[in-house]
Amino acid sequence: MDKILIRGGLPLHGAVQIGGSKNDTVAIMAAALLIPGKTVLHNVPRIKDVYTLSKIFCHLGAATSFREDGALEIDATNLTTSETPHELVRQMRASFNMLGALLNRFDTASVAMPGGCDIGARPVNFHIRGLEQLGCKLNLEHGIYTGHVSRFHGADVTLEFPSAGATQHLMIAASRATGTTVIENCAAEPEIIDLAMFLIACGARIEGAGTSRIVIDGVDELHPAEFTVIPDRLQAGTFAIAAAITGGDILIKNAVVDHLRPVISKLEEAGVDVTHTPDGFRVRRTGKILPVDIRTMPHPGFPTDMQQPFASLLCLADGVSMITETVYESRFRYTTELARMGADIRVEDRTAIIRGSERLTGAPVTCTDLRGGAAVVVAGLAAEGETEIDGLGHLDRGYEGIVTHLQNLGADVTRTGTYQV
Ligand code: EPU
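By convention here, each chain's residues receive numbers from 1 onward along its written sequence. Only residues with pLDDT of 70 or above have their local features reported here, since the model is predicted, and side-chain atom pairs are shown and tallied only from 80 upward, although totals for entire chains, interfaces and linings are computed over all residues. Only hydrogens and water are removed before side-chain values are computed, so all heavy atoms of the structure are retained for them.

Observations regarding empty space enclosed by the protein
Next up, step 1: Only protein atoms enter the 1 Å grid used here, on which a cavity is any set of points holding a 1.4 Å probe that cannot leave and a pocket is any open set flanked by protein within 12 Å on both sides along at least five of seven lines; residues with an atom within 4 Å of a point are listed as lining. Grid points are joined across faces, edges and corners, and a volume is the space filled by probe spheres set on the points. Taken as a whole and assessed by the stated rule, the structure comprises one cavity of 30 Å³ or more.
Next up, step 2: Of the volumes computed, that of the largest cavity is approximately 40 Å³.
Next up, step 3: Along its surface, the largest cavity is lined by Thr 238, Phe 239, Ala 242, Val 377, Val 378, Leu 381, Ile 402 and Leu 406.
Next up, step 4: For the purposes of this entry, the term helix denotes a DSSP run of H or I that reaches at least four residues, the term strand denotes a run of E that reaches at least two, and both are numbered from the N terminus. Mapped onto the lining of the largest cavity, the elements with two or more residues apiece are α8 (233-245), α12 (370-382) and α14 (402-408).
Next up, step 5: Three categories are distinguished: nonpolar for Ala, Val, Leu, Ile, Met, Phe, Trp, Tyr, Cys and Pro, charged for Asp, Glu, Lys and Arg, and polar for the others, with Gly belonging to the last. Here the residues of the lining of the largest cavity are counted per class, giving seven nonpolar, one polar and no charged.

A closer look at the layout of surface pockets
Regions of empty space are outlined by a rolling probe, equal in size to a water molecule, passed over the atoms.
Next up, step 1: Quantified by volume, the largest pocket comes out at close to 990 Å³.
Next up, step 2: Secondary-structure elements contributing two or more residues to the lining of the largest pocket are α1 (22-32), α5 (125-133), α6 (164-174), α7 (190-201), α8, α10 (304-314) and α12.
Next up, step 3: Considering every element that reaches the lining of the largest pocket, the biggest residue donor is α6, with four residues.
Next up, step 4: Within the lining of the largest pocket, the residues separate by chemical class into 20 nonpolar, 12 polar and 13 charged.
Next up, step 5: Each of domain 1 (3-19 + 232-416) and domain 2 (22-228) gives at least three residues to the lining of the largest pocket.
Next up, step 6: One number sums up the size of the second largest pocket: a volume of about 300 Å³.
Next up, step 7: If you trace the second largest pocket, you find 19 residues lining it, with Ile 289, Leu 316, Ser 357, Glu 358 and Arg 359 closest to the centre.
Next up, step 8: Taken together, the residues of the lining of the second largest pocket break down into nine nonpolar, four polar and six charged. Annotation comment: domain bounds sourced from an automatic or database domain assignment.

Details of the site of the ligand
Next up, step 1: Every one of the 24 residues lining the ligand counts as a neighbour, but Asn 125, Ser 163, Ala 164, Asp 305 and Val 327 are closest to it.
Next up, step 2: By the criterion applied in these results, polar contacts are pairs of N or O atoms within 3.5 Å in which, for protein atoms, one can donate a hydrogen and the other can accept it, and in which residues neighboring in sequence qualify only through two side-chain atoms. At 2.7 Å, a backbone N or O of Phe 126 approaches an oxygen atom of the ligand.
Next up, step 3: Between the ligand and Arg 371 there is a distance of 2.7 Å, counted from an oxygen atom to a side-chain nitrogen or oxygen.
Next up, step 4: In this description, accessible areas are obtained by the Shrake-Rupley approach with a 1.4 Å probe, and a residue is regarded as covered only by the protein chains that are shown. Its free accessible area being 830 Å², the ligand has 91% of it covered by the protein chains.
Next up, step 5: With respect to the detected pockets, the ligand is housed in the largest pocket. One heavy atom within 4 Å of a molecule or strand is enough for the residue carrying it to be called near that molecule or strand. Molecule-in-pocket calls rest on the fraction of atoms, with more than half required to lie within 2 Å of the cavity or pocket grid points.

A word on the sheet that holds strand β15 (residues 273-277)
Next up, step 1: Spatially, four strands are ordered β2-β14-β16-β15 in an open sheet, and the strand pairing comes out mixed. Edge positions in the sheet fall to β2 (13-17) and β15, since each of these pairs with one other strand and no more. Between one strand axis and the next, the sheet turns through 20° on average, direction left out of account.
Next up, step 2: A pair of strands is labelled paired if DSSP reports no fewer than 2 bridges between them. The sheet contact formed by β15 and strand β16 (residues 280-284) spans five bridges and is antiparallel. Residue pairing in the sheet places Val 274 in a bridge with Val 283 of β16. Axis geometry follows a simple rule: fit a line to the C-alpha atoms, using only the stretch in contact for helices, then measure angles between N-to-C directions, giving values from 0 to 180 degrees.

Re α6
In an α-helix, one turn spans 3.6 residues; hence positions three or four apart end up facing the same way.
Next up, step 1: For each residue, the accessible area found with a 1.4 Å probe, counting protein chains only, is set against the maximum for its type, and the residue is called buried under 20%, exposed over 50%, and partly exposed in between. The element α6 is largely enclosed, with a buried count of nine among its 11 residues.
Next up, step 2: Among all positions of α6, only Ala 166, Thr 167, Gln 168, His 169, Leu 170, Met 171, Ile 172, Ala 173 and Ala 174 are buried.
Next up, step 3: A side-chain oxygen of the first residue of α6 lies 3.4 Å from the backbone nitrogen of Gly 165; this N-cap is Ser 163.

Some points on the side chain of Glu 73
Next up, step 1: Within the secondary structure, Glu 73 is located in strand β5 (residues 72-75).
Next up, step 2: For Glu 73, the side chain forms a polar contact with the side chain of Arg 67, separated by 3.5 Å.
Next up, step 3: Residues contacting Glu 73, with those up to four places away along its chain left out, are Lys 38, Thr 39, Val 40, Ala 63, Thr 64, Ser 65 and Arg 67. In what follows, a contact means two residues having at least one pair of non-hydrogen atoms within 4.5 Å.

A word on the sheet that holds strand β20 (residues 351-355)
Next up, step 1: Across the sheet, four strands lie side by side as β17-β18-β20-β19; this open sheet has mixed pairing. With partners counted over all chains shown, the strands left at the sheet margins are β17 (293-295) and β19 (344-348), one partner each. Between one strand axis and the next, the sheet turns through 15° on average, direction left out of account.
Next up, step 2: Alignment of β17 against strand β18 (residues 320-324), held across three bridges, turns out to be parallel. Bridged to Ile 294 within β18 is Ile 323.
Next up, step 3: In the packing of α10 onto the sheet, the strands contacted are β17, β18 and β20, and the crossing angle to β18 comes to about 170°.

Looking at the packing of α10 against α12
Next up, step 1: The geometry of α10 relative to α12 is characterised by a closest axis approach of 8 Å and an angle of 20° between their N-to-C directions. When the axis of α10 is compared with that of α12, the two are roughly parallel. Here the hand of the crossing between α10 and α12 comes out right-handed. For the pair formed by α10 and α12, the contact residues are Asp 305, Gln 308, Pro 309 and Ser 312 on the first element and Arg 371, Gly 372, Ala 374, Ala 375, Val 378 and Ala 379 on the second. Note on angle classes: values under 35 degrees are labelled roughly parallel, values over 145 roughly antiparallel, values of 65 to 115 roughly perpendicular, and the remainder oblique. Handedness of a crossing is defined here by the sense of rotation of the near helix relative to the far one, left-handed for an anticlockwise turn of less than a right angle and right-handed for a clockwise turn.

Regarding the nonpolar core
Next up, step 1: Of all hydrophobic cores here, the largest spans 75 residues; its most connected members are Ile 252, Leu 267, Phe 281 and Leu 338.
Next up, step 2: Beyond its immediate sequence surroundings of up to four residues, Phe 281 is in contact with Ala 236, Ala 240, Ile 250, Leu 251, Ile 252, Ala 255, Val 257, Leu 260, Ile 264, Val 274, Thr 275 and His 276.
Next up, step 3: Only buried residues count toward a nonpolar core, which is a set of Ala, Val, Leu, Ile, Met, Phe, Trp, Tyr and Cys residues joined through side-chain atoms within 4.5 Å. If you look at the next biggest cluster of nonpolar residues, it comprises 73 residues, including Ile 35, Leu 103, Phe 198 and Leu 222.

Have a look at this one:
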């Protein structure tokens, strides 16, 4: 079994170049299925979720390959089936967005209930209700959704919660619908804006992305485009927290500060110096870590994905912090792993109460999910002695080359095993 071994205690120094966003890439890849022809995506991270989607595309008859210049080419001209391989679909959440894309190419398509991180129930009811409002008939049998529609029609859809996935899915489905679709109370994450930019580059007519109301005027045809994925704000945030917890000083390059405002603001409140640079920001900590309270919210609030590594930082704060998770009902499984390292964390319902202590100590721990994996890596960087991390399948889904990046920043970290993306 692959493991990451960290000997903690070394402050991070140097610079790290942030790669392309996972959550943006997987949404854009699903959208690429709408489009006959060759889509070219730059800045795509080489992570497991991208390879899983590529395998699904291959099954559907679409060809994907990384070019020599690093760009990902997707040729979805000749789709041969609209039945997705369910065991692969179940490995990730964003695969569900393929349903709306495939129903633009076929009258019938089927996609299994998606998987992804185990951080709560994560139903797909908003997706289903929205697709039905666009004219699709759906039924669920044996864990597989099958949809039927000859062409989606525009509709007014109001989401119960600003779900990122449902917003993306409906944007994809509606872009070739007849008439106008309005999505109210939609998500406003940077990845939503970027998906809109991609679809617009392909000929879609979309307005309002980045606000709580998106308007999509369906078009008859979309054409392929060449597009660059945005930098991964969650990867940038993770490295920023890693620098902070180790008392380091690093430059985070190719990061969009605007996408990270809530995280940067909480880092500053925790006593960390953050200064903007032309292509990112510098993170430095010399003083104590101060306790802070965090409440996760949909964008532009504090991102739920960052509460996990941030909790590791707060384990070493000079006082008591509280993290309240409002997006998912159960995103605290990682806290039992931090407790193995000496963290004093009590979870009550949706709030984690973290009593900061002077030290963490290395221990064998596991990645409970993708960002839970980031939390134990970050904690391991500051812990005394050796931290041995397993369950790396989660980490590999979203962090490209994390061990190499940390080594380049001066951390004592190695990986054992054979996994190669
Ligand atoms: N929800 C429903 N019904 C739905 C859809 C969502 O009840 O049909 C609920 C979810 O259970 C959750 C909340 O709404 O409680 C928000 O879910 P959302 O749909 O926004 O999340 P998602 O699209 O499944 C994406 C990211 C997650 C990130 C969330 C929130 C991808 C592939 N995943 O998930 O990323 O936490 O948005 O920003 O884009 C991660 O990167 O580690 C990760 C989990």
